[in-house]
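# Fold and geometry: a report
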Amino acid sequence: MIHIEPKILDRINSWLTPTFDVETQDFIKNSIANSPKEIQESFYKDLEFGTGGMRGVMGIGTNRINKYTLGKSTQGLSDYLHKQFPNETLKTVIAYDCRHNSKTLAKVVADVFSANGIEVYLFEDLRATPELSFAVKHLNCHCGIVLTASHNPPEYNGYKVYWKDGGQLVPPHDAGVISLINDLDYSKIKFEANTNLIHYISTAIDNAFIDASVSNGSVGASQEAKDNLKIVFTSLHGTSITAVPETLKRAGYKHVHIVKEQEAPDGDFPTVASPNPEEPAALKMALELADNVGADIVIGTDPDCDRLGVAVRNSKNELQLLNGNQTMIMMTDFLLKKWQSEDKIKGKEFIATTIVSTPMLNKLAEAYNVDNKIVLTGFKWIAKLIEDYPDLDFIGGGEESFGYMVGDFVRDKDAVTSTLLACEIAAITKANGSSFFEELIKLYVQHGCYKEKLVSLTKKGIEGAQEIKQMMIDARQNPLSTINGSKVIKIEDYESATSKNKVTGEETTMDIPKSNVIIYYTEDGSQVALRPSGTEPKIKFYVSVNTALNKVEDFSSIEKELDTKAETILKDMNLI
């Protein structure tokens, strides 16, 4: 029989009190008797805010998503809002995705806010995450919440907090909110709603958001070019079905084929193993439909519609999936072209990306004479740049994990506007006798050919968390001196915010918030990053390699060369 540790048992027993409903108490008693391992997993820690907020398996316990853990977070946030804005009428907006219990949990969150005297705008049905970010500013709210677990498996849900600028919670507010939540007893949660303060919202915000998406995502495709483009779109059973088709329609695209089997929102995601556009299998049905209708471009979005996967026709006229870095490169280049053509680049503009994304963004920034700001993983840091540099103009930014943000009207990755931008690029390049894919290769010729690979190792539960922790400790205590035969010349450790030149021995302090990330730089220009996920039980390894590409015709052979090199690096590190 499994022995439950005394410290964990104390946590469990604290939930067997009148603060918690009878159903919860009965479940816990039954689990102690019949499922001790599972109940220990449910209580061994508190859910934590990571790069994308709080995310976890739904169920009973401090390490689970339920009315009490969300209620506690909302109570702590309510207390913090009253401290920050003592003489203001507080307002918040809440959205939720297609996941099981999202609608119910959103109402719980709304009830707690209203019980604390905060006016609530609650979407009447599921909506895309970027629309929530937009709504925060549009409604002049102090914060926003979206109930979502992005692309996680069906048993997950989550809670993302947005501040008054429309971006996710960042320092110092994140620490302030977390401190109040951690100090809060569950008995202090106010669950009794003030219904007079809860307002349901729908089409008015939808129309404003979609119009703004059309305005920001359009980069000059003619109507003739739009008429000549065939698009296949899949929402992967998620929220994007509420916004993407209408956005494309208002932008003038008529030939949009939707994957009907994946059109209806469904928290079970019945047609895919994982509703993640990073996974090729998730777009299988869309690719099949695209071949049947002769589509030029395929786009699929994750359940909360903040990330997108793109496939385009390659030089053999075959549909090829792009990685997040490739999509980001093309989107950034076209936005820069547009700004340049409108004579808007004056030396006060910037693009942005993250520390584990392709270094090629630096090359684009140099070519257009704009700044490229590099931040920690997570779009909250890109959004924060807009607030940190109010005298500079933000053009666009993205990260390798299939997220992109166009302009600053939304302060998070936005698959609605990015889907339109991808279609604009496809329409323009086709009308010019080229293609999305060919223009990408031309950028490689101009700036160097970059290729990235990602390996994620899943380590679940208590043992998994300890294993991930030990892997990072080992990397710090015994850093690699060579990778695939190439000497490591620099190591950046973001936990200590230090960069060490291994050639000269010089150590410098990095001006960036601390994070549990290590990046190796090698003599041959390769990069390898190690990063535990902030929202999943995973540790991720990012490899970037590059070389010169002299002409478009050489791309296939050079790409194979880089693929082989990246795989060899991963083998050298015993990761594949």
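Residues numbered from 1 in each chain as written. Predicted model: local features only at pLDDT ≥ 70, side-chain atom pairs only at ≥ 80, totals over all residues. Heavy atoms only, no water.

## Re the sheet that holds strand β16 (residues 403–406)
The strand order across the open sheet formed by four strands is β14-β13-β15-β16, and the pairing between neighbours is mixed. For this open sheet the edge positions go to β14 (371–375) and β16, each flanked by a neighbour on one side alone. Across the sheet, the mean angle from the axis of one strand to that of its neighbour is 20°, orientation sign disregarded. Inspection of the sheet shows strand β13 (residues 349–354) paired to strand β15 (residues 393–399) by four bridges, in the parallel sense. In the sheet register, A352 faces β15, and the bridge partner there is G397. Where helix α14 (residues 379–388) meets the sheet, it contacts β13, β14, β15 and β16, and its direction lies at approximately 170° from that of β15. (Pairing = 2+ DSSP bridges. Helix = DSSP H or I, 4+ residues; strand = E, 2+ residues; numbered from the N terminus. Axes fitted to C-alpha atoms, helices over the stretch in contact; angles between N-to-C directions. Contact = heavy atoms within 4.5 Å.)

## Considering the environment of K500
You can see K500 is positioned in strand β20 (residues 498–501). Each C-alpha atom, one on K500 and one on K490, is 5.6 Å from the other, the two residues being ten residues apart in sequence. Not counting the four nearest positions on each side in its chain, K500 is found in contact with I489, K490, I491, G505, E506 and E507.

## Side note on the nonpolar core
Here is a general trend for soluble globular proteins: nonpolar side chains tend to be buried in one another's company. Of all hydrophobic cores here, the largest spans 89 residues; its most connected members are Y253, I297 and Y444. Of all the elements, helix α15 (residues 415–431) adds the most residues to this core, at ten residues. The residues contacting I297, other than those within four sequence positions of it, are L229, K230, I231, V232, V310, A311, V312, A422, C423 and A426. (Core = buried A, V, L, I, M, F, W, Y, C linked by side-chain atoms within 4.5 Å. Buried < 20%, exposed > 50% of the residue type's maximum accessible area, 1.4 Å probe, protein only.)

## Some words on the pattern of salt bridges
A side chain with one charge can pair with a side chain of the opposite charge if their charged atoms come near. Per the counting criterion, the structure on display carries 37 salt bridges. Measuring nitrogen to oxygen at the nearest pair gives 2.8 Å for the salt bridge that ties R11 to D46. Of the two residues, R11 sits in helix α1 (residues 6–14) while D46 sits in the loop between α3 (36–43) and β1 (49–50), which places them 35 residues apart along the sequence. For R11, a relative accessible area of 25% translates into the label partly exposed. Here D291 and R313 are joined by a salt bridge, their closest N and O atoms 3.4 Å apart. Placement of the pair is D291 in helix α11 (residues 284–293) and R313 in strand β11 (residues 308–313), with a sequence separation of 22 residues. (Salt bridge = Lys/Arg side-chain N within 4 Å of Asp/Glu carboxyl O.)

## Things to note about helix α18 (residues 555–572)
For α18, which comprises 18 residues, the first-to-last C-alpha distance of 25 Å matches the rise-based estimate of 26 Å (1.5 Å per residue) to within 8%. Considered for burial, the residues of α18 that qualify are F555, I558, E559, L562, D563, A566, I569 and L570. For α18, the angular spread of buried residues about the axis comes to 140°, placing them on one side. Opposite the buried face of α18, at more than 90 degrees from it, the exposed residues are K560 and K571. Contacts from the buried residues of α18 go to β12 (319–321), α16 (436–447), β17 (449–458), β18 (482–483), β23 (527–532) and β24 (538–547). Of the residues trailing α18, N574 is marked for its positive phi of about 60°. (Expected span 1.5 Å × (residues − 1). Arc of directions from axis to C-beta.)

## Focus on the state of the cysteines
What is meant by a disulfide is a covalent connection between two cysteines, made through their sulfur atoms. According to the stated counting rule, one finds zero disulfides in the structure shown. C141 carries a free sulfur, and the closest cysteine sulfur to it, the one in C143, is 7.6 Å from it. (Disulfide = S-S within 2.5 Å.)

## Side note on helix α6 (residues 129–138)
The element α6 is largely enclosed, with a buried count of eight among its ten residues. Contact partners of the buried residues in α6: β3 (91–96), β4 (119–123), β5 (143–147), β6 (156–163), α8 (203–217) and α15. Downstream of α6 by one or two residues, N140 has phi in the positive range, about 55°.

## As for the packing of aromatic side chains
In total, this model carries 15 aromatic pairs according to the counting rule given. Their ring planes at 70° and their centres at 5.2 Å tell us that W15 and Y186 sit as a pair that is edge-to-face. With W15 in the loop between α1 and α2 (22–34) and Y186 in the loop between α7 (173–183) and β7 (198–201), this pair connects stretches of sequence that are 171 residues apart. With centroids separated by 4.7 Å and ring planes inclined at 65°, the aromatic side chains of F20 and Y68 adopt a geometry described as edge-to-face. Here Y68 lies in helix α4 (residues 67–84) and F20 lies in the loop between α1 and α2, a separation of 48 residues in the sequence. Accessibility assignment for this pair places F20 and Y68 in one class, buried. (Phe/Tyr/Trp six-rings, centres within 6.5 Å; stacked < 30°, edge-to-face > 60°.)

## Things to note about the side chain of Q168
Within the fold, Q168 resides in the loop between β6 and α7. Side chain to side chain, Q168 and D412 meet in a polar contact 3.3 Å long. (Polar contact = N/O pair within 3.5 Å; in protein donor to acceptor, adjacent residues only side chain to side chain.)

## Details of unusual backbone geometry
Going from P171 to P172, the amide bond is cis rather than trans, its omega being 0°. Mapped onto the fold, P172 is located in the loop between β6 and α7. For F269, which is not glycine, the phi torsion reads 45° and is therefore positive. The topology assignment puts F269 in the loop between β9 (256–258) and α11. At F402, a residue that is not glycine, the phi angle is positive and equals roughly 70°.

## Structural notes on the pairing of strand β8 (residues 231–234)
Alternating positions in β8 separate into two faces, I231 and F233 on one and V232 and T234 on the other, with burial throughout. Two elements, β8 and β9, share three bridges in a ladder whose sense is parallel. Bridging from a neighbouring strand, F233 pairs with I258 of β9. A crossover connection joins β8 to the parallel β9 through helix α10 (residues 244–250); in handedness this β-α-β unit is right-handed. (Right-handed = clockwise from strand over helix to strand, strands pointing away.)

## Brief notes about the side chain of S235
Within the secondary structure, S235 is located in the loop between β8 and α10. For S235, a relative accessible area of 1% gives the class buried. Setting aside residues up to four positions removed in sequence, S235 forms contacts with S240, I241, Q262, E263, T301 and D302.

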